[in-house]
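Chain by chain, the residues:
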Amino acid sequence: MKQFSINYFASIIYIIVISLLVVINYSSKAVASVTNSSDIRNYLGTRTPYRFKSNKDDSKIKYPNCKHSKIWMLLRHGTRLPSAKDILGMNTILKDLKYKILMQNNHGKGPLNEEQLHWFSKWSSNISVEQEKFLTYEGQDEMILLAERMRKRFPDAIKEKYDNKSFLFKYTATQRAQQSALYFTIGLFDRKKSRDVIFEPAMKVDTTLRFYKHCDKWQKQVKKNPETYKEQRAFAVSQAMNDTFDAVAKNLGLEGVLSKEIVILMYKICGYETSWHKYYTSPWCYGFDLKSIKTLEYYHDLKHYWLDGYGHELTSVQACMILKNMFEMMGKENKTAAFLFSHSGTLLKLLTHLGLYKPQTHLRGDSVIEDRLWRASNIDCFASNIAFVLYKCDDGDKILTLHQERVIKLPMCETELCPLEHLKAYFRNTIHNCDFADMCEAV
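Residues numbered from 1 in each chain as written. Predicted model: local features only at pLDDT ≥ 70, side-chain atom pairs only at ≥ 80, totals over all residues. Heavy atoms only, no water.

### Overview of the overall build of the protein
- Counting its regular elements, the protein contains 18 helices and seven strands.
- By the compact-globule yardstick of 22 Å for 443 residues, the protein fits well, its C-alpha radius of gyration being 22 Å.
- Overall, the protein is about 75 × 50 × 40 Å in size when its C-alpha atoms are taken along their principal axes.
- Out of the 443 residues in the protein, the part that is buried amounts to 56%.
- Expressed as a percentage of contacts within the protein between residues at least 6 apart in sequence, the contacts between residues at least 24 apart total 80%.
- Here the protein displays about 19800 Å² of accessible surface, and carbon together with sulfur accounts for 52% of that area. (Helix = DSSP H or I, 4+ residues; strand = E, 2+ residues; numbered from the N terminus. Rg over C-alpha atoms; globule rule 2.2 N^0.38 Å. Buried < 20%, exposed > 50% of the residue type's maximum accessible area, 1.4 Å probe, protein only. Contact = heavy atoms within 4.5 Å. Areas by Shrake-Rupley, 256 points an atom, 1.4 Å probe, with all protein chains shown as cover.)

Dropping the structure here:
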C-alpha cells in the first residue's frame, strides 16, 4: 500500500477538483441517460461510460425452490485517466488544435454553433503524466453504486456485516484497480465499516488476475506478432476511414485532412471526458457524427477482437486461470463472496473462454460488420463486470451468470440457471488441466 499512499492523496484531490471545476464551468444541466442508439456516446469503445450500460434494476433475483448462497465477481476497474501518451497528446496536440478550430469557426469558416464554440473556448487540460491511468472521481462513484446494487440483488451471499472469513477482495498491483476495490467496499459496507476490510496482497506477477502479462508464449505469438494487427491495419487505410478523417475535419471547420493519429486521439479523449463527467459532453465529440463514431469504434474493435478475443486460440485457453479460480471458490465452504478487480484484457479473454459474443465469422478489415456481437462499447466499457452466483436448489446446485449486471445464458447451458455439475463437466480441462507454465512457455 505504501506505493499508493503519498502520491495518491495529492492526486485524488487534484482529480476531484478538476471534476468539480469542469461541472461548474461547462454546464448546470444534467444530460439525460443515454438510451437512444443514435447517440454517439454509446459507441466509445472501452472508454464508454458504464452509466450508459449498467442495469439500474437492483431487485432481488429469485428463482422458485432456490436460494442464492455464494457470489464470485470479476470487475474491470472504473473510469480512469488516460495513458501518459494520450495525456501528452491532450496537453500539446489538442491544445494547439483547439485554437485552430476556434479561429476557423470565429471567421465563419466552420459549422460549430455559439454554444459549441463556448465549450471549446473553456476546454483545457493540465493533467500530469504522473497521474496516468489513475481512477477518477466518476470511477469511484461507479464502484460504490455497483456494489450497492449487487448487495441488494444478493443479500444472502453478500452479507451486510463484513467478515474476513466470508469475503475475499483481490486487485492487481495498479492504482486504478486498488482504488476500485476500495470504493467497492465502501458501497458494500459504508465508509466507516469498509476500513476494516482486509484485501489480499497485490502481486507484481499475478497469473490469476493478469495471466496474459506473464504468458511468454502469448506475448510472443499474439501481442508482439504483427499479424495480430493485420486486419486493423487494413481497415486503417480503407475508404471508410478516409471518409471519417474528411468528415471530422469538415465537422470542426478545419481545412485539409486530419491525420489518423489526431482523429484517434480525439476519439479517445471524447470517450474519456464523456466518461469522467456526467453533466456535459466533451467538445472533442463535436467532430463525430453517428457514421464516423461507429467507424472508429470498429477500428478499435478489430484490435481487441484479434488481441483479446477469438482471433487466436491461446488467447482464450489461458483464461482458464481466472475461470478455475471461480470454480475453486464455489467449492470452499467458508467463502461466500469474492470480488476480483482487474482489467480489460482479463475480462475480454474470460468472455471468450466462455464462448460469449462470438461472431459468426472473424471480424475483418475490408468491411464493417454492423450487427456484430463483439462490440467493446457494450461488453467492455469502464467498470465492466461478470458475476457467477451459486444457487442452492431442491434439484441441485446451479450457477447464474450476470454480465454488466444483467442475467445471461451461457452458450453451453440450456437455461439461465445452469446446473453446476454440467458446467464442471463442460469445463473439465479448465479445472483440472490448466497448467500455466506448460501452456505459456515460449517456444
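### Structural notes on the packing of aromatic side chains
- Here the structure, examined in full by the defined rule, presents 27 aromatic pairs.
- Both rings, one in Phe167 and one in Phe169, keep their centres 5.9 Å apart while their planes meet at 5°; by these two values the pair is stacked.
- Residue classification places Phe167 among the buried positions, given a relative accessible area of 1%.
- For Phe169, a relative accessible area of 0% translates into the label buried.
- One aromatic cluster in this structure is built from Tyr162, Phe167, Phe169, Tyr171, Phe184, Phe189, Phe199, Phe339 and Phe341. (Phe/Tyr/Trp six-rings, centres within 6.5 Å; stacked < 30°, edge-to-face > 60°.)

### Observations concerning unusual backbone geometry
- Even without being glycine, Asp190 reaches a positive phi, approximately 85°.
- Among the structural elements, Asp190 can be located in the loop between helix H5 (175-189) and helix H6 (191-194).
- The partly exposed category is assigned to Asp190, whose relative accessible area is 34%.
- The residue Tyr357 is not glycine, and still its phi comes out positive at about 60°.
- Here Tyr357 is to be found in the loop between helix H14 (344-353) and helix H15 (376-379).

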